[in-house]
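Observations on the model geometry
Spelled out, the chains give:
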Amino acid sequence: MPRTHIRSKQHYLIHRRALANVVTSAIILSAVSIMGVMMLAWSNTSLAIQKQEIEEVFSTQTNKINEDLIFDNIWFSTNCPGNCVNITMSNVGTIGLNMTEMKFINGTTLAELQIFSYADAGIVPSGTFSTNATYSWISGGDYDITVFTERGNQFTTQVIAP
């Protein structure tokens, strides 16, 4: 076989290998680019979700701070069917609140005596809410009254029955 024929085959193989390197490099670069775009899209989505969660937590915590409730007056009465307690509260916070539960607690032993649940006990800012709670109180008894709001705040006062 003449030498020129061998050289031309070698020359062809050398150029062919170079073309294969270019194609392989292009495939690798394309794959890396596609993976980079996918990772960028995933991280943007993940960051957007985390940002939304942080904003919701911040808003909720800010609203909890702005809730404020005071007990205006507590009357112990025997004029109800049985003994009852009338409780008047005022919202002195900057936002409205919704009272969901009220507990009577023994002030000495801290035992829960009675729980009252409320479905519609919203109080607008600077508004008041009054409720009668039927409870067999004992004269001279030490009671803690705790009110829970929809946002998870709790407000407590201590009273002694007459």
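These remarks concern the structure in this document.

1. Considerations on unusual backbone geometry
One non-glycine residue, Leu110, lies in the positive phi region at around 65°. Along the chain, Leu110 falls in the loop between strand E3 (97-106) and strand E4 (112-117). Phi angles above zero are rare outside glycine, and Ser126 is one such case at about 65°.

2. Regarding a nonpolar patch on the surface
A cluster of nonpolar side chains, Ile28, Val32 and Met35, forms an exposed patch at the surface whose accessible area comes to about 290 Å². Along the chain, Val32 falls in helix H1 (residues 3-66).

3. Observations concerning the pairing of strand E7 (residues 142-149)
Across the 8 residues that make up E7, a large majority, 7, are buried. Bridge analysis of E3 against E7 gives 7 bridges, and the strand direction is antiparallel. Opposite Ile105, over in E7, you have Asp144 as the bridge partner. Alignment of E7 against strand E8 (residues 154-160), held across 7 bridges, turns out to be antiparallel. Within E8, the position partnered with Ile145 by the bridge is Thr157. If you look at the hairpin formed by E7 and E8, you'll find 4 residues sitting between the two strands, and Gly152 has a positive phi there, around 100°.

About the thresholds
Residues numbered from 1 in each chain as written. Predicted model: local features only at pLDDT ≥ 70, side-chain atom pairs only at ≥ 80, totals over all residues. Heavy atoms only, no water. Helix = DSSP H or I, 4+ residues; strand = E, 2+ residues; numbered from the N terminus. Patch = residues over 30% accessible without salt bridge, like charges linked within 9 Å, V, L, I, M, F, W, Y side chains within 5 Å. Areas by Shrake-Rupley, 256 points an atom, 1.4 Å probe, with all protein chains shown as cover. Salt bridge = Lys/Arg side-chain N within 4 Å of Asp/Glu carboxyl O. Buried < 20%, exposed > 50% of the residue type's maximum accessible area, 1.4 Å probe, protein only. Pairing = 2+ DSSP bridges.

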